[in-house]
Amino acid sequence: MTTTDDDGTAARTDTRGGSSSRMARVRRLTRLPAPPLWLLGIVEAVQIALVTALAVLLPIIAMALADGFVAVDAGFVATLSAQLWSVMHGAPVILNVTVDAGALGEGVELPEGGWFQMLPMGLALIPLLLARRSGARLARGAYSGQLWQGLVTLVLTYAGLSAAIGALARTSAFDVQWPLTLLCGLLLVTVGGLAGAYSEARSWERLIGVDVEGRVERWSQSMRWAGSYAWAVCRAGAVAAVAAVVLASGLLAVQIGLRWMDIANMFQQLDPGVWGVVGLTLLHLALLPNLILWTLAYSTGAGFSMGTGTVVAPHAVEVGPMPAAPILGALPAGAGPWSLLVVLLPVLAGAVAGWWLVREGENHLDDWFSLRIPLRPVSLALSTLLLGLFTGLAAAVVIAAPLALSHISLGMGRMTDLGPHALIAAGMLGVWVAVGTMVGYLVTPAAHQVRRTRRSRPADEPSGPESPSADGGSEEIAETEVSAAHDGESLTASAGPPQSEPSPDVETGASASSAVTPEEPTETSTEEPRDEPPEDSTGGAAAAAPAGPAPRPRSSAGPRSAPASAAEVIPVGPVRPRSVPRPRRR
């Protein structure tokens, strides 16, 4: 499109602006209105249920197509998928089955049924992470004070779907209690949704409509300090718990590597086929977080059980007949004195928490003690002791719930007690974390001080040929003084005969020589000659000479050599002005 100006010149007009505005107008007219938050919550809940259902349905369909089951129909696949979905969410089930002796392993007898409870934490992470994603999406599209609408519908819808799936999974042999399934689904999605919403909102006011930060700011200074201290201790306990879990993961990996041949032999003895190997591998991956928590309980010294009346701990290993699960080949063969060293892992986790507390700098209890107890060692000991106890208590509280959820009950015979005793293991972890926290809190400042000292030593005490070191400083000073004396002798020989006493002519500037006595050290100057001409009346150059003994010369490569010319030497005594070469003006 072109237009003509007043002077007859043609100008081209850009039509992209008009077309973009028309497209924006069309989009506004055809765009659907934003759905309400309660509808978004329902959609997110349905999405989570569909993804988790597919996660258990597709492997069952694959095994059914590969003739992994004796009789397969649509109802069987749907019921089995619903049962696995309920187990994924940790719903307890009543078993009413009779298993032949030795079906689960040699010597394993299951005389009667009971409560079956197993939360495969690896599978439970799927709905938990999906719920976190949904909570973040709802928080991203909600205004302040409206987020609860989407979260409520998300939780209630998923709870209803959980109850429906639990009712579908109920059979005579596998009696799923749908109220328990509803409760487990509700708790799982609530935790994940709140975590995701807070990660996106970053404010309790936007999340629940209450300005928690503003209320805390209205507290007194002492209350705010106490709150900061308590919050720092809680976070330190979480840091210790996470560090203990990470160290337990490393210990489990080492144990699996050492006993890998036993695990492989159990796979070969079972000979489950291709799909059986795939199913066992998926089961092991689903139970991997449970096994890590069992290893954590082992490292605390409390140990765990592999059936009623058994114990696997650093001080004792007593097991009976166990199910033929390949991963059980990684169990320790026995207890020895070196096994007790594993308790150092939770101590190390506590030391990490102590290091974190030093970096956080919120130990206001130590400030309170130091103001009231004049003896600093006593106040430091008391504050550190209480800090370690509080941190250990926080770590025990944080890890108690995961340890309890990792416990497994197969619902039959001795297999109703598999895993750690949560309270005992959490208490032992708290004790070791408390010890490690005290050690880490006291050692970290000393380590930082040593590191700062090492870093500042080259600047404060340089070592090398340019300056004397701490060991041979006196010898290098003596050698430098001897070198200065030799330099003075060479300069005297080049300038004229030495003089024992300065003559009156020299004192008044009338002497014909500028001799330097060998007894007096000379001084070299690395600076260029000044532009100002020397004074020629009353010995001004002598007045400008520094008073007192000359400083020790510095050498960068061995003994100092004599200067190339007399212009590089600053004489000590008064000299005639003409003896100093006049610098060239720039």
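Owing to the predicted nature of the structure, the values given are computational and were not obtained by experimental measurement.

Caption draft 1: Here's a closer look at the overall build of the chain. Broken down by element type, the chain carries 19 helices and eleven strands. Residue pairs at least 24 apart in sequence account for 75% of intrachain contacts in the chain once pairs closer than 6 positions are excluded. A total of about 34400 Å² of accessible surface is found on the chain, and carbon and sulfur atoms cover 63% of it.

Caption draft 2: Spatial organisation of the packing of helix α4 (residues 121–140) against helix α5 (residues 147–168). Put simply, α4 and α5 touch, their axes get as near as 9 Å, and they point 150 degrees apart. The pairing of α4 with α5 is recorded here as roughly antiparallel in orientation. Every pair of crossing elements has a handedness; the one defined by α4 and α5 is right-handed. On the side of α4, the interface is formed by Pro127, Ser134, Gly135, Leu138 and Ala139, while α5 contributes Leu147, Gly150, Leu151, Leu154 and Tyr158. Among the residues forming the contact of α4 with α5, the class breakdown is seven nonpolar, three polar and no charged.

Caption draft 3: The arrangement of a negative patch on the surface in detail. Among the surface-exposed residues, Glu205, Asp211, Glu213 and Glu217 lie close enough to one another that they form a single negatively charged patch. Inspection of the secondary structure puts glutamate 213 in helix α8 (residues 212–217). Among the residues examined, glutamate 213 registers a relative accessible area of 38% and is labelled partly exposed.

Caption draft 4: A look at the packing of helix α9 (residues 221–258) against helix α12 (residues 288–300). Interaxial distance between α9 and α12 falls to 8 Å at its minimum, and their mutual angle equals 100 degrees. With respect to α12, the element α9 is oriented roughly perpendicular. The segment α9 lies against α12, with Ala244, Val245, Ala248, Ser249, Leu251 and Leu252 engaging Leu288, Leu291, Ile292, Leu293, Thr295, Leu296 and Ser299. Of the residues assigned to the contact of α9 with α12, the class counts are ten nonpolar, three polar and no charged.

Caption draft 5: How the structure looks around the nonpolar core. Judged by nonpolar contacts, the single largest core of 73 residues is most densely connected at Leu147, Met306 and Ile399. Examining the composition of this core, we find that seven residues originate from one element, α12, more than from any other. Ignoring sequence-local partners within four residues, the contact set of isoleucine 399 consists of Ala241, Val245, Leu293, Leu296, Ala426 and Leu429. Core analysis: the second largest hydrophobic core is formed by ten residues, Ala232, Ala236, Trp356 and Tyr441 among them.

Caption draft 6: Local environment of the packing of aromatic side chains. For the coordinates displayed, the defined rule picks out five aromatic pairs. When the centroid spacing of 6.0 Å and the interplanar angle of 45 degrees are considered together, the rings of tryptophan 85 and tyrosine 158 count as tilted. Within this pair, whereas tryptophan 85 is found in helix α3 (residues 74–88), its partner tyrosine 158 is found in helix α5, the two being separated by 73 residues in sequence. The buried category is assigned to tryptophan 85, whose relative accessible area is 1%. Tyrosine 158 gets classed as buried once you look at its relative accessible area, which sits at 0%. Judged by centre distance (5.3 Å) and plane angle (75 degrees), the ring pair of tryptophan 368 and phenylalanine 369 falls under edge-to-face.

Caption draft 7: Looking closely at the sheet that holds strand β3 (residues 93–95). As summarised here, the arrangement of the three strands in space is β4-β3-β5, forming an open sheet in which the pairing is antiparallel. Only two strands of the sheet have a single partner each, and these edge strands are β4 (115–116) and β5 (174–176). Relative to β4, β3 runs antiparallel, the two being bridged by two bridges. Within β4, the residue paired with isoleucine 94 across the bridge is tryptophan 115.

Caption draft 8: Representation of the pattern of salt bridges within the structure. This structure, assessed with the given rule, holds six salt bridges. Note that glutamate 200 is salt-bridged to arginine 140, the shortest N-O span being 3.6 Å. Placement of the pair is glutamate 200 in helix α6 (residues 178–201) and arginine 140 in helix α4, with a sequence separation of 60 residues. Using a relative accessible area of 30% as the deciding quantity, one classes glutamate 200 as partly exposed.

Caption draft 9: Region of interest: the confidence of the model for the chain. Taken over all residues, the pLDDT of the chain has a mean of 76, while the share at 70 or more is 70%. For the stretch residues 1–5, pLDDT sits under 50, and the model shows twelve contacts to residues farther than four places along the chain or on other chains. With pLDDT under 50 throughout, residues 7–14 is counted as low confidence; its partners more than four residues away or in other chains account for eleven contacts.

Caption draft 10: Focus on helix α13 (residues 344–360). The terminal C-alpha atoms of α13, which comprises 17 residues, lie 24 Å apart, in line with the 24 Å expected from a rise of 1.5 Å per residue. The complete set of buried residues in α13 reads Pro346, Ala349, Gly350, Ala353, Gly354, Trp356 and Leu357. What you see down the axis of α13 is that its buried residues fit within an arc of 160 degrees, all on one side. Exposed residues pointing more than 90 degrees away from the buried face of α13 are listed as Leu344 and Arg359. Looking one or two residues beyond α13, the residue adopting positive phi is glycine 361, at roughly 70 degrees.

Definitions and cut-offs
- Residues numbered from 1 in each chain as written.
- Predicted model: local features only at pLDDT ≥ 70, side-chain atom pairs only at ≥ 80, totals over all residues.
- Heavy atoms only, no water.
- Helix = DSSP H or I, 4+ residues; strand = E, 2+ residues; numbered from the N terminus.
- Contact = heavy atoms within 4.5 Å.
- Areas by Shrake-Rupley, 256 points an atom, 1.4 Å probe, with all protein chains shown as cover.
- Axes fitted to C-alpha atoms, helices over the stretch in contact; angles between N-to-C directions.
- Parallel < 35°, antiparallel > 145°, perpendicular 65-115°, else oblique.
- Left-handed = near helix turned anticlockwise from the far one by under 90°.
- Nonpolar A, V, L, I, M, F, W, Y, C, P; charged D, E, K, R; others polar.
- Patch = residues over 30% accessible without salt bridge, like charges linked within 9 Å, V, L, I, M, F, W, Y side chains within 5 Å.
- Salt bridge = Lys/Arg side-chain N within 4 Å of Asp/Glu carboxyl O.
- Lys, Arg positive; Asp, Glu negative; His and termini not counted.
- Charge placed at Lys NZ, Arg CZ, Asp CG, Glu CD.
- Buried < 20%, exposed > 50% of the residue type's maximum accessible area, 1.4 Å probe, protein only.
- Core = buried A, V, L, I, M, F, W, Y, C linked by side-chain atoms within 4.5 Å.
- Phe/Tyr/Trp six-rings, centres within 6.5 Å; stacked < 30°, edge-to-face > 60°.
- Pairing = 2+ DSSP bridges.
- pLDDT = per-residue confidence, 0-100.
- Expected span 1.5 Å × (residues − 1).
- Arc of directions from axis to C-beta.

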